[in-house]
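Now for the letters of each chain:
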Amino acid sequence: MIKKILIANRGEIACRVIRTARKMGIATVAVYSDADSRAPHVMMADEAVHLGPPPAAQSYLLADKIIEACKATGADAVHPGYGFLSERESFRNALDAEGIIFVGPPANAIAAMGDKIESKKLAKAAGVNVVPGYVGVIDDTEHAVRISNEIGYPVMMKASAGGGGKGMRLAFSEKDVREGFEATKREGLASFGDDRVFIEKFIESPRHIEIQILGDQHGNIVYLNERECSIQRRHQKVVEEAPSPFVTPEMRKKMGEQCVALARAVGYFSAGTVELIVSGADKTGEGFYFLEMNTRLQVEHPVTEQITGLDLVEQMIRVANGEELSFRQEDVKINGWSIENRVYAEDPYRGFLPSTGRLVRYNPPLAVEGVRVDDGVVEGGEVSMFYDPMIAKLITYADTRIEAIDKQIDALDRFEIDGPGHNIDFLSALMQHPRFREGAITTGFIAEEYPDGFTGAPASSELLRQLAAIAAFAGAAQADRARRIDGQLGKRLRPPSSWQVKVAGVEHDVSISVDEVLVDGQPLDISMEYTPGDRLIDAEVDGRALAVRIAPIRAGFRLTAHGASHEVRVLPAHIAPHAVHMIEKIPPDLSKYLLCPMPGLLVALHVGAGDKVEAGQPLAVVEAMKMENILRAEKAGVVKSIEALEGVSLAVDAVILELE
């Protein structure tokens, strides 16, 4: 029996494994870098071992140091989490050589599935659907037609050396192939000096669906249904749910059985995930194809746990301990619906630029029924530039998909994060989007629905009326406090009951009395409590809960709810008519400055003082979260001065250079 587990990871997943191990009565060992010396996973574990400097290559990726830590603490098992060393065959082999249990699959399975070409060959041999295609030499148009007919339409004809969208033709019929094959060859030759063409099945309305499998060391393998992971940005998953709104029971059975066959072909045990690309346009249930297999626990595993009632980390530990699965395929059910949103340190209002810094305030929503937060951060902690920018995972569970979505919206409204930028508003906007709520999603959803970037979720006129009432109520509470402070408003003066509230450019007349609240003369059924200084208002409007984050600003409040922030002007009705005489402050023109859009390292400066620049010309490169970001000139001009030097760490909005 495993007595002590070392978690070869950090952050959220390390905390997740520690919680289950503690529940099972197993002692835990955390490992940490200099950047994580006071991280929650270090505080939670029974013991902790220092690995090295912050870069992962000098700490979390050092297999020999992990093994040394096992020996020093007497840990007889290692759980790798996800990322880092979790899918390294060499790490598994090194642990085996030392007699340390690896909580994961066998080395041969890790190796087989880690090779993209080999894994597809294995999948095909195991009877798993792979994307049909022809990569040999195509002789002529007639040959191309025969191949396309065999694959089945639509097909994509691609120049072998193509890229950037050039040398590609979509064919929906034999006629399209006859018309487009020679043209594709010519484009390939003209653009890349190579006229070779290959043909493969075109997946219409692609969806990313994955099957969770679980096997033991006694030959038992089951599939734990599917997860829908189609909402992605730049191939990074943002939203996951289980089950999928697209998959039918028949399709689920076919997918699951094929994935189990693949796992059996490589002698797989422990938890693993087979990722599939699925045609949303194919209603037969046959249009699913193997992408890859992840031989580890997935980030999105909680949604599977919610609908099956299983603890996947516990199952992994039991399998590693040699136990047989306590259930069979017929015991696996789907109960309700679960959705997970990944809360990232990134700014969706600024092109999703990565954000780092101290979590000045971090208050996740309370873990009430149907709401779960998996995190590995704490208020006052740091979102470091060295690791993944995920702050937390918000998981909701309900009887139906729409109920689970609505729980997400409410819980996101209750998330408080100050310090680094975050994507909470964007996640809320996704949950409210009609197309998402209908389940009509593909991997291109975000690019299609937000082609010009994100500017906040649209607010209904009804929500704006409700916010106007909340702002007026808060204004009255502020005024009431002011009159109670000696010498401010006098002892006899009552706080105003009539207010003018301007939100989203529209003025609303709000009247507040003991009996009712009127907005533009219409009664609003609203109840709430607010004490000046509160950061979150819990209101009930027309019988439904509404959580609103509130912060004071000049002449009003900033109210945040349902995926957008609104700067609200609040004035007593007798003062409001004079607002027209107030001089509006015009923001300064910053277009002549090149500002650093995020905290980062200035790794390159391409211009000097006196240089002429053109619009769109690269001026500097800033590295953040291990990604290089090219900063370009917004307009033509001459560099007046350089304000930052290469190799210097810059804060957000720091001036790099000034143009004349």
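Before reading on, note that the structure itself is shown above.
Numbering of residues starts from 1 in every chain and runs along the sequence as written. The predicted nature of this model means local features are confined to residues of pLDDT at least 70 and side-chain atom pairs, given and counted, to a pLDDT of 80 or more, with totals for whole chains, interfaces and linings taken over all residues. The side-chain figures draw on all heavy atoms in the structure; neither hydrogens nor water molecules are used.

(A) Looking closely at the overall build of the chain. Tallying secondary structure elements over the chain gives 16 helices and 40 strands in all. The quantity called the radius of gyration is restricted to C-alpha atoms. Its globule counterpart is 2.2 Å times the number of residues to the power 0.38. At 29 Å, the chain has a C-alpha radius of gyration in line with the 26 Å of a compact globule built from 660 residues. Projected onto its principal axes, the C-alpha positions of the chain cover 85 × 65 × 55 Å. Here the chain holds 660 residues, and 53% of them are scored as buried. The helix and strand labels rest on DSSP assignments: H or I over at least four residues marks a helix, E over at least two residues marks a strand, and numbering proceeds from the N terminus. Each residue is placed in one exposure class: buried if its accessible area under a 1.4 Å probe, protein chains only, is under 20% of its type's maximum, exposed if it is over 50%, and partly exposed if it falls in between.

(B) Expanded view of the pairing of strand 38 (residues 637-642). The pairing of strand 35 (residues 612-613) with strand 38 spans two bridges and is antiparallel. In the sheet register, Lys-612 faces strand 38, and the bridge partner there is Val-638. At least two DSSP bridges between two strands are required for those strands to pair. In this sheet, strand 40 (residues 655-659) lies alongside strand 38 in antiparallel orientation, the contact comprising three bridges. The residue of strand 40 that forms the bridge with Ile-642 is Leu-657.

(C) Representation of the environment of Asp-36. With respect to the element layout, Asp-36 can be found in the loop between strand 2 (27-33) and helix 2 (40-44). Here, residues are in contact when the closest pair of their heavy atoms is within 4.5 Å. Beyond its immediate chain neighbours, meaning those up to four positions away, Asp-36 contacts Arg-10, His-41, Val-42, Tyr-60 and Tyr-387. Here Arg-10 takes part through its side chain, which lies 2.7 Å from a polar atom of the side chain of Asp-36. Identification of polar contacts relies on pairs of N or O atoms within 3.5 Å, with a donor-acceptor requirement for protein atoms, meaning one able to donate a hydrogen and the other able to accept it, and with residues adjacent in sequence counted only if both atoms are side-chain atoms.

(D) Summary view of helix 3 (residues 63-73). Among all positions in helix 3, only Ile-66, Ile-67, Ala-69, Cys-70 and Thr-73 are buried. Down the axis, helix 3 shows its buried residues gathered within 155° of arc, on one side only. The exposed residues of helix 3 that point more than 90 degrees off its buried face are Lys-71 and Ala-72. Of the surrounding elements, those touching the buried residues of helix 3 are strand 1 (4-7), strand 2, strand 3 (47-52), strand 4 (77-79) and helix 4 (89-98). Positioned one or two residues after helix 3, Gly-74 has a phi angle of 80°, which is positive. Picture the helix axis, draw a direction to every C-beta atom, and the arc is the one those directions span.

(E) Examining the pattern of salt bridges more closely. Definition used for salt bridges: Asp or Glu carboxyl oxygen within 4 Å of a side-chain nitrogen of Lys or Arg. By the definition in use, this model includes 47 salt bridges. We note a salt bridge from Lys-158 to Glu-200, for which the minimum N-O separation is 3.1 Å. Linking Lys-158 in strand 7 (residues 155-163) with Glu-200 in strand 9 (residues 197-201), this pair joins segments that are 42 residues apart in sequence. Under the relative-accessibility criterion, Lys-158 is labelled partly exposed at 22%. According to the relative accessible area criterion, Glu-200 is partly exposed, its value standing at 25%. Between Asp-418 and Arg-361 there is a salt bridge, and its shortest N-O distance comes to 3.0 Å.

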